[in-house]
Amino acid sequence: MADPHPSDPHPPAAVPRFPAGFLWGAATSAYQVEGAAAEDGRTPSIWDTFCRVPGRVHRGQTGDVATDHYHRYRDDVRLMAELGLTAYRFSVSWPRVRPTGRGPASQRGLDFYRRLADELLTAGITPVATLYHWDLPEELEAAGGWPERATAERFAEYAALVGEAVGDRVHRWTTLNEPWCSAFLGYGSGVHAPGRTDPVAALRAAHHLNLGHGLAVQALRAALPAGALLSVALNLHAVRPLTPSAPDRDAARRIDAVGNRVFLGPMLEGAYPKDLLDDTAGLTDWSFVRPGDPATVHQPLDWLGVNYYTPTVVSATTEGTEPARQDGHGGGQVSPWPGADRVGFHRAPGDVTAMDWAVDPSGLHELLTGMARRYPGLPLAVTENGAAYEDEVGADGAVDDPHRAAYVRAHLAAVHRAVTDGADVRGYFLWSLLDNFEWAYGYEKRFGLVHVDPRTLARTPKSSAHWYGRVARSGELLPLDGA
Ligand code: FCB
């Protein structure tokens, strides 16, 4: 007898499903969203100062008001809850909770983060706090900044006081966000605050950021309740040689050393890579690394944050390349790559975002599976990924951003593939919740899931936010709207 229900020769492919408990988040940072720059005792950070140097930031814009998240956080949390997000990655402003970077804590500053955490917890959203997203108190820069060891010590003190005040509410912590940018864009190419251009200062800064991380992890373990989950968020570079030639492969090795292993080595393996020390031997003997420092930096971590936007394609020569491409953050004439300043940077093939960054999710898969292989047993999270596009507000006030949704979907597919391939990825934080202050680009580049009106600061979730919210609610990689 014929089968009354012959099986469909082309059954619909199952929608990829993420692991149970996967955190579906969005990310912001204090200086980019909070505003209230001079309120409740906050003192200036290096970014407040840098924004006032003519020519450094698009149209002289500042984070004085930003998105006014400091006053509107309740509405922003409500929005996240309405969309269906389950986690929020924010950063704590050092000069807000410890004005001037030393001295007593500001209770008013700390209270803001306690209220924010409470609001999130009430809404069922997991708070994930980052202690340093680039806003060094100006006084500490005046005393020498990250190139000096004392800054690492101040950072650990600050970590302890935040941990003590907020640790009863927040269980997931990140010490530093993208220390590569702090060291090499801040002190190397100078396109970020504090705007110094000194390769040796940049290497010293990298070490003292590493040391600050290690000291802060120790301080947090002492200050936080048992069970707190500590991490660091690195902008790992998915480095690719332009051609398979030996010189191009050596260029890739150099950039991997000073872009990735300069942090991964000491933080996760307890030593600086030998090839990095060799590449930079003409600049420094690294005597600022004191005996015992590598052991201090090498603290057990509970998870690793990976920030990824686009691959890094390099060649052995700068000929025919634009300086603007050397750091992905707007160029500058001085190389942010000590010991690799003759390396050329190229745009990867494919479509680009408004940052002129190529869309290539394979880099994210490569980084996640690479970290899983190299550091088995260390859970991972994508702590930043997202795209700037020139969004338009329709006549009806709606913002339809199909490019952003497509970018995010393609990258989530890469995350899902990495999970299938064995990477233990626990969450994804889209950069960013809101259109915000994009550093040297000011408010020109919009990364938000939520549009922020530049005049009224009114929030309007873009179409990508509605799609992402449905993905968060279902835990499945749903098709794009209209697909
Ligand atoms: C990362 C930063 C974040 C934002 C995105 C676009 O490097 O951590 O603050 O600028 O890039």
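Sequence order sets the numbering: in each chain, residues are counted from 1 along the sequence as written. Local features in a predicted model are, by the rule used here, given only for residues with pLDDT of at least 70; side-chain atom pairs are given and counted only at 80 or more, and totals for whole chains, interfaces and linings are based on all residues. Side-chain measures here rest on the full set of heavy atoms in the structure, leaving out hydrogens and waters.

Caption draft 1: Just the overall build of the protein, in detail. The helix and strand labels rest on DSSP assignments: H or I over at least four residues marks a helix, E over at least two residues marks a strand, and numbering proceeds from the N terminus. Looking only at helices and strands, the protein has 15 helices and 13 strands in total. C-alpha atoms define the radius of gyration, and 2.2 Å times the number of residues to the power 0.38 defines the globule rule. In summary, the protein has a C-alpha radius of gyration of 22 Å against a globular reference of 23 Å for 483 residues, a match within 12%. Counting only C-alpha atoms and orienting by the principal axes, one finds that the protein spans roughly 85 × 55 × 45 Å. Buried positions account for 59% of the 483 residues belonging to the protein. Residues count as neighbours in contact if any of their non-hydrogen atoms are within 4.5 Å of one another. Excluding contacts between residues fewer than 6 apart, the proportion of contacts in the protein whose partners are at least 24 apart in sequence is 78%. Roughly 18300 Å² of accessible area belongs to the protein as shown, and the carbon and sulfur atoms make up 53% of that amount. The protein carries 45 positive and 58 negative side-chain charges, and their two centres are separated by 3 Å. Using a 1.4 Å probe on the protein chains alone, a residue whose accessible area is under 20% of its type maximum counts as buried, one over 50% counts as exposed, and one in between counts as partly exposed. The Shrake-Rupley method, run with a 1.4 Å probe sphere, supplies the accessible areas, and residue values consider only the shown protein chains as cover. His is not counted, nor are the chain ends, whereas Lys and Arg count as positive and Asp and Glu as negative. In plain terms, the charge of a residue is placed at NZ if it is Lys, CZ if Arg, CG if Asp and CD if Glu.

Caption draft 2: The arrangement of the site of the ligand in detail. For this purpose, a residue is taken to be near a molecule or strand whenever a single non-hydrogen atom of the residue falls within 4 Å of it. The environment of the ligand is formed by Gln32, His133, Trp134, Asn177, Glu178, Tyr309, His329, Glu384, Trp431, Glu438, Trp439 and Phe447. One of the side-chain nitrogen or oxygen atoms of Gln32 is found 2.7 Å away from an oxygen atom of the ligand. Between Asn177 and the ligand, the recorded distance is 3.0 Å, taken from a side-chain N or O atom to an oxygen atom. Taking 290 Å² as the accessible area of the ligand by itself, protein coverage stands at 99%. In the shell around the ligand, the residues fall into five nonpolar, four polar and three charged. Polar contact is the term for a pair of N or O atoms within 3.5 Å; when the atoms are in protein, one must be able to donate a hydrogen and the other to accept it, and sequence-neighboring residues count only if both atoms are side-chain atoms. Gly counts as polar in this scheme, as do all residues outside two lists: the nonpolar Ala, Val, Leu, Ile, Met, Phe, Trp, Tyr, Cys and Pro, and the charged Asp, Glu, Lys and Arg.

Caption draft 3: Structural view of the side chain of His192. On the secondary structure map, His192 appears in the loop between helix H8 (179–185) and helix H9 (199–223). In this structure His192 touches Trp47, Phe50, Trp134, Cys181, Leu185, Gly186, His329 and Trp439, once residues within four positions along its chain are discounted.

Caption draft 4: How the structure looks around the side chain of Thr353. Summarising the element assignment, Thr353 is placed in the loop between strand E9 (344–346) and helix H13 (362–374). By relative accessible area, Thr353 is classed as buried at 6%. Look past the residues within four positions of Thr353 in its chain and what remains in contact with it is Val359, Ala387, Ala388, Tyr389 and Tyr407.

Caption draft 5: Structural view of the environment of Gly469. As for its placement among the helices and strands, Gly469 is situated in helix H15 (residues 463–474). Taking relative accessible area as the criterion, Gly469 reaches 0% and is therefore assigned buried. Between the alpha carbons of Gly469 and Asp64 there is a distance of 30 Å; along the sequence they are 405 residues apart.

Caption draft 6: Examining helix H5 (residues 107–122) more closely. Here, expected helix span is obtained from the residue count minus one, scaled by 1.5 Å. Across its 16 residues, H5 extends 22 Å between first and last C-alpha, which sits within 8% of the 22 Å expected from 1.5 Å per residue. Looking at H5, one finds that the buried residues are Gly109, Leu110, Phe112, Tyr113, Leu116, Ala117 and Leu120. Buried positions in H5, seen along its axis, are confined to an arc of 150° and lie on one side of it. Structurally, H5 contributes buried residues whose contacts are with helix H1 (30–33), helix H3 (69–83), strand E2 (87–91), helix H4 (94–97), strand E3 (126–132) and helix H7 (149–166). Of the residues one or two after H5, Gly124 is the one with positive phi, at around 75°. The directions considered for the arc are those from the helix axis to the C-beta atoms.

Caption draft 7: Quick peek at the pairing of strand E8 (residues 312–315). Where burial is concerned, the two faces of E8 agree: the one with Thr312 and Val314 and the one with Val313 and Ser315 are both buried. Judged from the three bridges that link them, strand E6 (residues 239–241) and E8 form a sheet pairing that is parallel. Bridging from a neighbouring strand, Pro241 pairs with Val314 of E8. Two strands qualify as a pair provided DSSP detects at least 2 bridges between them. Here E8 runs beside E9; their pairing, made up of three bridges, is antiparallel. Looking at the pairing, Val313 lines up with His346 of E9.

Caption draft 8: Quick look at H15. Between its first and last C-alpha, H15 extends 17 Å over 12 residues, near the 16 Å set by a 1.5 Å rise per residue. By the burial criterion, the buried members of H15 are Ser464, Ala465, Trp467, Tyr468, Gly469, Val471 and Ala472. Buried positions along H15 lie against strand E1 (23–27), H3, helix H14 (402–420), strand E11 (425–431) and strand E13 (459–461). At the exit of H15 stands Gly475, carrying a positive phi of roughly 70°.

Caption draft 9: Representation of the packing of aromatic side chains. The pairing test for Phe, Tyr and Trp rings, Trp by its six-membered ring, is centres within 6.5 Å, and the orientation test on the planes gives stacked under 30 degrees, edge-to-face over 60, and tilted for anything in between. Tallied over the entire structure, the rule returns 34 aromatic pairs. Look at Phe90 and Tyr113: their rings are 6.3 Å apart centre to centre, the planes differ by 10°, and that puts the pair in the stacked class. Of this pair, Phe90 sits in strand E2 while Tyr113 sits in helix H5, and the two are 23 residues apart along the sequence. With a centroid separation of 6.2 Å and 50° between ring planes, the pair formed by Trp357 and Phe447 is classed as tilted.

Caption draft 10: Representation of the pattern of salt bridges in the model. A pair is scored as a salt bridge if a Lys or Arg side-chain nitrogen falls within 4 Å of a carboxyl oxygen belonging to Asp or Glu. Counted according to the given criterion, the structure contains 38 salt bridges. For the salt bridge of Asp76 with Arg459, the shortest nitrogen-to-oxygen distance reads 2.9 Å. Placement of the pair is Asp76 in helix H3 and Arg459 in strand E13, with a sequence separation of 383 residues. Owing to a relative accessible area of 1%, Asp76 belongs among the buried residues under this scheme. A salt bridge links Glu141 to Arg196; the nearest nitrogen and oxygen atoms lie 2.8 Å apart. Here Glu141, found in helix H6 (residues 138–142), pairs with Arg196, found in the loop between H8 and H9; they are 55 residues apart in sequence, far enough to count as distant. In this structure Glu141 comes out as buried when scored by relative accessible area, which is 11%. Using a relative accessible area of 30% as the deciding quantity, one classes Arg196 as partly exposed. What emerges from the salt-bridge pattern is a single network uniting Asp250, Arg253, Arg254, Asp256, Arg261, Asp275 and Asp279.

Caption draft 11: Inspection of the sheet that holds strand E10 (residues 380–385) at higher detail. Pairing in this closed barrel of eight strands is parallel, and the strands run E1-E2-E3-E4-E5-E7-E10-E11 around the ring. Strand after strand, the sheet turns through a mean of 25° between neighbouring axes, direction not considered. Two strands pair when backbone bridges link them, and E1 and E11 are joined in this way by five bridges, in the parallel orientation. Pairing of Leu23 across the sheet is with Gly427, part of E11. Docked against the sheet, H13 engages strand E7 (304–307), E10 and E11, running at close to 150° with respect to E10. Axis lines are fitted through C-alpha atoms, for helices just across the contact stretch, and the angle between N-to-C directions can take any value from 0 to 180 degrees.

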